[in-house]
Amino acid sequence: MNSKINKTYFLEDLFIGQEASISKIIYEKDIDIFAEITGDLNPLHIDSNFAKNSIFKRKIAHGFLTASLISSVIGMKLPGPGSIYLSQSLKFLAPVYIGEKIITRVVVKEIIKEKKRIVLDTFCTRDTDKVLTGQAEIMVQSKN
């Protein structure tokens, strides 16, 4: 995963439209580890025979595995270390399959200075297709 820490952005450093992203290829081991950690052993994710008879025709990644990549962008890039995740809405648009490269991007939509919070639009895409969209509210450190 390409998740190099750029820096911590303080509230005063942020602007509407500012964005950051990471990319990650979803491997079978990622799905297996996520299933073990969460206890979500839905056969759509871990059983090839079951999955091939589903509408997806093969195993898919957990939706929340894909969504968890948003946390990586927020915690490591924008706003970065020290930021606090307050809420996240999600809309799952398409399945993610083993071997697919997912680009996860966050964009500053709103800055709420008096509360030291920002609202981010959040996206996960495969090629040009969105697989997940949402919105996050984040508490951000201030220089003051």
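In this text the structure is predicted, and so the values were computed from the model without any measurement. Per chain, residue numbering runs from 1 following the sequence as it is written. Residues qualify for local features only when their pLDDT is at least 70, as the model is predicted, and side-chain atom pairs are given and counted only at 80 or more; totals for whole chains, interfaces and linings, by contrast, use all residues. Hydrogens and water molecules were not included; the side-chain quantities draw on all heavy atoms of the structure.

Undergrad: Summarise the side chain of Ser-83; cite the residues concerned and give the values.
TA: Structurally, Ser-83 can be placed in the loop between helix H4 (63–76) and strand E2 (84–92). By the criterion applied in these results, polar contacts are pairs of N or O atoms within 3.5 Å in which, for protein atoms, one can donate a hydrogen and the other can accept it, and in which residues neighboring in sequence qualify only through two side-chain atoms. At a separation of 3.4 Å, a polar atom in the side chain of Ser-83 contacts the main-chain carbonyl oxygen of Ile-74. Within polar-contact distance, the side chain of Ser-83 engages the backbone oxygen of Gly-80 at 2.7 Å. Among all residues touching Ser-83, those that are not within four sequence positions of it are Ile-74, Gly-75, Ile-138, Met-139 and Gln-141. Secondary structure elements are defined from DSSP: runs of H or I of at least 4 residues count as helices, runs of E of at least 2 residues count as strands, and each element is numbered from the N terminus. The criterion used for residue contact is that any of the two residues' heavy atoms lie within 4.5 Å.

Undergrad: How would you sum up the layout of surface pockets? Please name residues and give values.
TA: In this structure, the largest pocket spans a volume of roughly 160 Å³. A 1.4 Å probe that fits but cannot get out identifies a cavity on a 1 Å grid over protein atoms alone, an open set with protein on both sides within 12 Å along at least five of seven lines counts as a pocket, and a residue lines either if it has an atom within 4 Å of a point. Forming the boundary of the largest pocket are 13 residues, of which Ala-61, Gly-63, Phe-92, Ala-94 and Pro-95 lie nearest the centre. Counted by class, the lining of the largest pocket contains nine nonpolar, four polar and no charged residues. Grid points are joined across faces, edges and corners, and a volume is the space filled by probe spheres set on the points. The residue classification treats Ala, Val, Leu, Ile, Met, Phe, Trp, Tyr, Cys and Pro as nonpolar and Asp, Glu, Lys and Arg as charged. All others, Gly included, are polar.

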